[in-house]
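Breakdown of the fold
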Amino acid sequence: MRRFCVAALTLCGVGTLAGAAAQAPAAGQRAVAGQGAVAASQGAIEPGLDYHSYANVEQFRTTHLNLDLQVDLDNKVITGEVTLEFKRLDPGATELVLDTKNLTINDVSQKATDVLGATSKSETIWVSRPFHMEKPDPILGSALVIDLPPSRKKVESIRVDYETSPSAAALQWLTPKQTAGRHRAFLYTQSEPIGTRTWIPLQDTPQIRATYDARVHTSPDVRAVMSAENDPKGKRNGEYSFSMPQPIPSYLIALAVGDIKFQATGPRTGVYAEKPVIKAAAKEFANIEAMIASGEKLFGPYRWSRYDILVMPPSFPIGGMENPRLSFITPTVIAGDKSLVSVIAHELAHSWSGNLVTNSTWRDLWLNEGFTDYLESRIMAAVYGDERASMEAVLGLKALRENMATLKPQDQVLAIDLRNRDPNLVFSEVPYEKGRLFLKFLEAKFGRDRFDAFLRGYFDHFAFQSITTEQFLGYLKEHLLDRFPGTVSGDQIHEWVYGPGIPSDAVLPVSAAFEPVDAARTAWLGGKLATKKFGLDWVPQQWLYFLGDMPALNLAQLADLDHAYGFTRTQNAEIADSWLKLAIRNDYQPSFARLEDYLTTIGRIKLIAPLYTQLMKTPAGAALAKRVYAKARPGYHPDTVAAIDAIVNPTAAEGSNDQ
Ligand code: BES
Ligand code: ZN
């Protein structure tokens, strides 16, 4: 319900994207010394081995990146220079392996001081180094292998000159018409999980953390922002500098360029957005400061100094992305009444779970998302009250159950086996909602005070580290299970993390606020309650619950509801989504103009994929889906295109993962 589902492709039961998902990196295909990507994929999983990166992290570890990027909005290309500072852990290692995908590498050079040709001690000379690209893998891209002479230097630097390709999966280039302001082109990155390698050659694995500096050159009429220290008051002149002093994993490096304005919402918070939406956004997100304060009270200090929000163009494929210091947020959460701001609580919560303590590999994603869903609930309860948080938890559980019903048992586990699969295509509710239930279970068993103290200790202990599921379990055993023996057994924990389904000892959320909704629905369906006689004091979560559990309706019933409550024209994107699903299911034509408008303006997969799926169930609906999709597709993000292709043109989508 709350999750975008590229997973729709493989795990949400909508179809398959055989081409991308099924292709294994053939064993023995590469001779490079990498990690999991190269290892044979049979046998037991090795926790901590990143099967989605070629980087040889046991030999080299990047500590700092320096980026110099020229963003050409007209030609849709980034020409870049990245300098990687790294430590050589293995003095015998002479091949540095970086991840790349669809990049053109122009030159690789190494920083050499005091070599022949340098005129003074401090002068830096860059010496070209031999390099080659390995055969590309459809999911992982190509390993860039750089030959290095042996060295005992503490820190070394390599510079790579490169350019991106128009098919870079992490970049969306929008024409002026596709933006809210309609005057300037826009570029943004969405790199999690393995997209950074499509715009920067680097060790693209979450277990490497690096600080970064960047200079970004654009035309002077646009502004660049990054997941780093930004200067909100800085001049708009086409030259921008950034610095991220905390070490972060590669998937959190983010960039956006466009006609972006800034409005402060507090001393350490503010909103970046295009002019037409900035006022509404600043109003909608006026409570960010209160959210940060409650996060700090519960989980320990906020360690990223500022927290700003960048409101994305409507085609942004997901709800939000926790880019540090600057969350990227879909405009579809601006409902006018703060009813959808749990997305903000979620992305902010990642400042602790995810950005401070990070999943070591994509198998461990639940450490990011499950913890964050739990933290999100706690922040929502603190700022908006327990009832709101419980309603959202019940809706989340409903989504988990519906989603799980479509998943194979092995994909219902928290620590999921993603070997030979595109992690982009295997997302489901499981790491989120089952992860949240797991933490809720621990909280219930040990009591909130002990669990809160445990969480604070966990964030302190692993601050700025990337950890595996097993490292978490070790910490949990030492600091909770063994400290309060007889409360929860190792077997129970094992079932939660490695078993399918929802364990029977789960503590399920309930909300009294849904009782009158159930009663009203039943009475209304039975003709015992007139339309307009209920719901006057309902909040949007209650309406979502009301609509989500509706059986088939006749046209008179739909028209009645629509006239009474104005669903067709609602400005709440989630309610619109629920309503439009009902409208399609029951062929309620008066909503179809809105449906068409919705599908052609919004690119958030979670909202539009279910509508296309519903349309495809009848021949008339399929014809409509194809017609609207033809119009909408050029404005969608590559991930949205991949998801909707698989629904609308399943056979054509197979085997092609280009756009
Ligand atoms: N980090 C995720 C988005 C993500 C996860 C992108 C994995 C790629 C791979 C982000 O924090 C997220 O979970 N977004 C949710 C919103 C949220 C309120 C659950 C989304 O976009 O649906
Ligand atoms: Zn998240």
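Presented here is a report on the structure given in the accompanying data block. The model shown is predicted, which means the values in this text are computed figures rather than measured ones.

1. Considerations on the overall build of the chain
Summing up its helical and strand segments, the chain has 19 helices and 21 strands in all. Taking 26 Å as the expected radius of gyration for a compact globule of 659 residues, we find that the chain reaches 25 Å, a close match to that expectation. The principal-axis extent of the C-alpha atoms belonging to the chain is close to 90 × 65 × 50 Å. Counting only residues that meet the buried cut, the chain has 60% of its 659 residues in that class. Here the chain contributes 68 positively and 74 negatively charged side chains, and the mean placements of these two sets differ by 4 Å.

2. Digging into the packing of aromatic side chains
Counting across every chain of the model gives 43 aromatic pairs. Ring plane angle 25° and centroid distance 5.8 Å describe the contact between Phe451 and Phe454, whose orientation is recorded as stacked. Here Phe454 and Phe451 lie together in helix 8 (residues 448-461), a separation of three residues that amounts to about one turn. Accessibility assignment for this pair places Phe451 and Phe454 in one class, buried. Above the ring of Trp126, the side-chain terminus of Arg159 is found at 4.6 Å from the ring centroid.

3. Focus: the environment of Leu508
Mapping Leu508 onto the fold places it in the loop between helix 10 (490-498) and helix 11 (515-525). For the pair Leu508 and Lys440, spaced 68 residues apart in the sequence, the C-alpha separation amounts to 8.5 Å. Each residue touching Leu508, except ones within four places of it in the same chain, is listed here: Leu397, Arg401, Leu437 and Ile502.

4. Points about the coordination of the zinc ion (ligand 2)
The coordination sphere of the zinc ion (ligand 2) contains the protein donors His346 (NE2), His350 (NE2) and Glu369 (OE), at a distance range of 1.9 to 2.1 Å. The sequence motif formed by the donor residues of the zinc ion (ligand 2) is H-x3-H-x18-E. Here His350 is found in the loop between helix 4 (342-349) and strand 20 (357-359), whereas its partner Glu369 is found in helix 5 (residues 365-384), with 19 residues between them in sequence. Taken individually, His350 and Glu369 each receive the classification buried, so the pair is uniform in this respect.

5. Some thoughts on the sheet that holds strand 6 (residues 131-133)
An order of 3-7-6 is seen for the three strands of this open sheet, with the pairing classed as antiparallel. Looking at which strands have only one partner, the edges of the open sheet turn out to be strand 3 (95-100) and strand 6. Within this sheet the neighbouring strands show an average axis-to-axis angle of 20°, counted without direction. Sheet topology places strand 3 next to strand 7 (residues 142-147); six bridges connect them, and they run antiparallel. Across the sheet, Thr100 pairs through a bridge with Ser142, a residue of strand 7.

6. A look at the side chain of Thr211
Within the secondary structure, Thr211 is located in strand 11 (residues 209-217). Discounting residues that sit within four places of it in the chain, Thr211 has contacts with Thr63, His64, Leu65, Met244, Pro245, Gln246 and Pro247.

7. What about the nonpolar core?
Counting 148 residues, the largest nonpolar core has Met226, Leu255, Phe285, Phe438 and Phe472 as the members making the most contacts within it. Among the elements that take part in this core, helix 5 stands out by supplying nine residues, more than any other. Setting aside residues up to four positions removed in sequence, Phe285 forms contacts with Thr265, Val271, Ile309, Val311, Ile329, Val333, Ile334, Val341 and Ile344. Grouped together as the second largest cluster of nonpolar side chains are 54 residues, Phe514, Ala573, Phe592 and Ile605 included.

8. Here's the deal with the packing of helix 7 (residues 430-446) against helix 10
Between helix 7 and helix 10, the least distance of the axes is 10 Å, while the angle of their chain directions is 165°. Accordingly, the angle class assigned to the pair helix 7 and helix 10 is roughly antiparallel. The chirality of how helix 7 crosses helix 10 is left-handed. Facing helix 7, whose interface residues are Lys434, Leu437, Phe438, Phe441 and Leu442, helix 10 presents Gln492, Ile493, Trp496 and Val497. Split by residue class, the contact of helix 7 with helix 10 holds seven nonpolar, one polar and one charged.

9. Description of the pattern of salt bridges
For the coordinates displayed, the defined rule picks out 33 salt bridges. A salt bridge links Asp308 to Arg306, with the shortest nitrogen-to-oxygen separation between them at 2.8 Å. Arg436 is the salt-bridge partner of Glu433, the closest N and O atoms lying 3.1 Å from each other. Of this pair, Glu433 and Arg436 are both found in helix 7, three residues apart, which corresponds to roughly one turn of the helix. Judged by its relative accessible area of 5%, Arg436 is buried. A cluster of three or more residues bridged by salt bridges with shared partners is formed by Glu81, Arg159 and Asp161.

10. A short note on helix 2 (residues 275-284)
By the burial criterion, the buried members of helix 2 are Ile278, Ala281, Ala282 and Glu284. The arc that holds the buried residues of helix 2, viewed along the axis, is 150°, so those residues lie on one side. Across from the buried face of helix 2, at angles greater than 90 degrees, the exposed residues are Pro276, Lys279 and Lys283.

11. A closer look at the packing of helix 5 against helix 7
Relative to each other, helix 5 and helix 7 sit at 65°, their axes nearing to 7 Å. Note that helix 5 runs across helix 7; the crossing there is right-handed. On helix 7, the residues touching Leu365, Trp366, Glu369, Gly370, Phe371, Asp373, Tyr374, Ser377 and Arg378 of helix 5 are Pro431, Tyr432, Glu433, Gly435, Arg436, Phe438, Leu439, Lys440 and Glu443.

Criteria and thresholds
- Residues numbered from 1 in each chain as written.
- Chains lettered and ligands numbered in written order.
- Predicted model: local features only at pLDDT ≥ 70, side-chain atom pairs only at ≥ 80, totals over all residues.
- Heavy atoms only, no water.
- Helix = DSSP H or I, 4+ residues; strand = E, 2+ residues; numbered from the N terminus.
- Rg over C-alpha atoms; globule rule 2.2 N^0.38 Å.
- Buried < 20%, exposed > 50% of the residue type's maximum accessible area, 1.4 Å probe, protein only.
- Lys, Arg positive; Asp, Glu negative; His and termini not counted.
- Charge placed at Lys NZ, Arg CZ, Asp CG, Glu CD.
- Phe/Tyr/Trp six-rings, centres within 6.5 Å; stacked < 30°, edge-to-face > 60°.
- Lys NZ or Arg CZ within 6 Å of the ring centre and 35° of its normal.
- Contact = heavy atoms within 4.5 Å.
- Donors = N, O, S within 2.8 Å, 3.2 Å for Na, K, Ca; no water.
- Pairing = 2+ DSSP bridges.
- Axes fitted to C-alpha atoms, helices over the stretch in contact; angles between N-to-C directions.
- Core = buried A, V, L, I, M, F, W, Y, C linked by side-chain atoms within 4.5 Å.
- Parallel < 35°, antiparallel > 145°, perpendicular 65-115°, else oblique.
- Left-handed = near helix turned anticlockwise from the far one by under 90°.
- Nonpolar A, V, L, I, M, F, W, Y, C, P; charged D, E, K, R; others polar.
- Salt bridge = Lys/Arg side-chain N within 4 Å of Asp/Glu carboxyl O.
- Arc of directions from axis to C-beta.

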